[in-house]
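Structural features, examined
Residues per chain are reported as follows:
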Amino acid sequence: MKEAFNSPSPIDRIPILVGGQGEQKTFKIAAQYADELNTTANFADLPRKLDAFQGHLDALGRDRSDITVTPLGSLVVGETHDAAAAKLKALINSRGFDADSLLADEAGARQLLGRFVWGDPDEVIAGVRELIALGLDGVVFNMVADADDVENIALAGETLTTALG
């Protein structure tokens, strides 16, 4: 058909987001093709992961400012530390685990909570700022403990706005 039209016009290029934590393949693909890397790495591993990613960028001659790097984590925020801790425990228990036993084991707690930022607003602000200080461009959070809690989602929005402001 000669007189066909497309409205709105297509964008010139669809941005590419790559997600994962693989230092050899995933990060190399992201360094070469992506506009954004959203890593699923444990937060404690981020310095090493960011160094590995930078190595791929350097090998390709690509500037780090050309790509947005964010971690994927989970956020549990409460008006108080105790309220956030109760939500976190309820979330763990809802997944079929015993939160008290799991959190009492230091290695288990570190593994389980390795991609969580949780606490009262001040604790969350500090945690997010620590992540950004590693050289990240932003954060991406799931809020599985608050899927239906509109008031707490608003609290999270206010808290994150302060943390990133």
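Let me sum up the structure you'll find in this document. Just so we're clear, the structure is a prediction, and the values are computed from it rather than from any experiment.

What to know about the packing of aromatic side chains
Going through the model one piece at a time under the given rule, you end up with 1 aromatic pair. When the ring of phenylalanine 27 is compared with that of phenylalanine 53, the centres are 5.9 Å apart and the planes differ by 80 degrees; the resulting orientation is edge-to-face. Taken as a pair, phenylalanine 27 in helix H1 (residues 26–33) and phenylalanine 53 in helix H2 (residues 46–60) lie far apart in primary sequence, 26 residues in all. A single burial state applies to phenylalanine 27 and to phenylalanine 53, both of which are buried.

Re helix H7 (residues 150–164)
Look at H7: 21 Å from first C-alpha to last across 15 residues, which is about the 21 Å you get at 1.5 Å a residue. Among the residues of H7, Asn152, Leu155, Ala156, Thr159, Leu160 and Ala163 are the ones counted as buried. Down the axis of H7, the smallest arc covering the buried residues is 130 degrees, so these residues share one side. Residues of H7 that are exposed and point more than 90 degrees away from the buried face comprise Val150, Glu151, Glu158 and Thr161. The inward-facing, buried residues of H7 abut strand S3 (68–77), helix H3 (81–94), helix H6 (121–133) and strand S5 (140–142).

Some details on the packing of H1 against H2
Interhelical geometry of H1 versus H2 gives an angle of 45 degrees and a closest axis separation of 9 Å. Looking at the two axes, H1 sits oblique to H2. Along this stretch, H1 crosses H2, giving a crossing that reads as right-handed. Where H1 abuts H2, its residues Phe27, Lys28, Ala30, Ala31 and Gln32 lie against Lys49, Ala52, Phe53, His56, Leu57 and Leu60. Looking at the contact of H1 with H2, its residues break down into 7 nonpolar, 2 polar and 2 charged.

The rules behind these values
Residues numbered from 1 in each chain as written. Predicted model: local features only at pLDDT ≥ 70, side-chain atom pairs only at ≥ 80, totals over all residues. Heavy atoms only, no water. Phe/Tyr/Trp six-rings, centres within 6.5 Å; stacked < 30°, edge-to-face > 60°. Helix = DSSP H or I, 4+ residues; strand = E, 2+ residues; numbered from the N terminus. Buried < 20%, exposed > 50% of the residue type's maximum accessible area, 1.4 Å probe, protein only. Expected span 1.5 Å × (residues − 1). Arc of directions from axis to C-beta. Contact = heavy atoms within 4.5 Å. Axes fitted to C-alpha atoms, helices over the stretch in contact; angles between N-to-C directions. Parallel < 35°, antiparallel > 145°, perpendicular 65-115°, else oblique. Left-handed = near helix turned anticlockwise from the far one by under 90°. Nonpolar A, V, L, I, M, F, W, Y, C, P; charged D, E, K, R; others polar.

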